[in-house]
Amino acid sequence: MATEQPTVGGEEQTKYESRLRNGSSLMALAGVAFIGYGIVFLVLNFVGSGFELGVSTLDGMTKADLSPTVAYYISHLHVATAAFIISTGIAVTALSWYGVRQRLTWAWATAVVAAVVGLALALPMHYTADAFAHNWLTHLGPIYLATIVFVIGVVLAYQGLQAS
């Protein structure tokens, strides 16, 4: 006895494939943007102000005004943070480009979880106090832009994954 299962028609299948391709590409592009943000973060540590993107001083103090031990500790944390931003970007890019495009739902879910955990842990701290001044546009603008691109990609790819 044969069972009939609904299938998606040619035109509708093309729509799903287009959404999957465009969504996974946007997710991967956002991953590349995360990598770029992490690289800028890393470079500024060594050749910039010594602080994060959009932060030039801490209450008027430059890195040179700080105790060498405190300055080194801040540098240590910036390098570690940049490493995790870059590695998350690499994971999101690879999962999106190679896994999501192959219709692997686990790759889509893993890319989403990796990005969401990083952002959910890092972003709230920016709204807890004004302990130091930073330029909101240059400090958070790039990561918010990458996040918007990522979310659009996530939604499109999810729609594309729904094709039978």
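Attention here is on the structure that accompanies the text. (Residues numbered from 1 in each chain as written. Predicted model: local features only at pLDDT ≥ 70, side-chain atom pairs only at ≥ 80, totals over all residues. Heavy atoms only, no water.)

Here we take up the packing of aromatic side chains. Tallied over the full model, the rule gives three aromatic pairs. Measuring from ring centre to ring centre gives 6.2 Å for F34 and F150, while their planes differ by 50°; the resulting arrangement is tilted. Note that F34 is positioned in helix 1 (residues 10-47) and F150 in helix 4 (residues 136-161), a separation of 116 residues in sequence. F150 carries the same exposure label as F34, and that label is buried. A ring pair is formed by W108 and Y158, whose centres lie 5.3 Å apart and whose planes are at 40°; its orientation type is tilted. Taken together, the residues span a long stretch of sequence, with W108 in helix 3 (residues 105-122) and Y158 in helix 4 at a distance of 50 residues. Overall, the relative accessible area of 41% leaves Y158 in the partly exposed class. Cation over ring: K15 sits above Y16, and NZ or CZ is 5.5 Å from the ring centre. Its guanidinium or amino end placed over the ring of W97, R101 lies 3.9 Å from that ring's centre, counting from NZ or CZ. (Phe/Tyr/Trp six-rings, centres within 6.5 Å; stacked < 30°, edge-to-face > 60°. Helix = DSSP H or I, 4+ residues; strand = E, 2+ residues; numbered from the N terminus. Buried < 20%, exposed > 50% of the residue type's maximum accessible area, 1.4 Å probe, protein only. Lys NZ or Arg CZ within 6 Å of the ring centre and 35° of its normal.)

The next point concerns the nonpolar core. Within the largest apolar cluster, 26 residues are counted, with the highest numbers of intra-cluster contacts made by M27, V100, W108, I143 and F150. For this core, the secondary structure elements donating two or more residues are helix 1, helix 2 (68-99), helix 3 and helix 4. When residues of this core are assigned to their parent elements, the largest contribution, seven residues, is made by helix 4. Setting aside its immediate chain neighbours within four residues, V100 contacts L20, S24, M27, L95, A107, W108, A157 and L161. (Core = buried A, V, L, I, M, F, W, Y, C linked by side-chain atoms within 4.5 Å. Contact = heavy atoms within 4.5 Å.)

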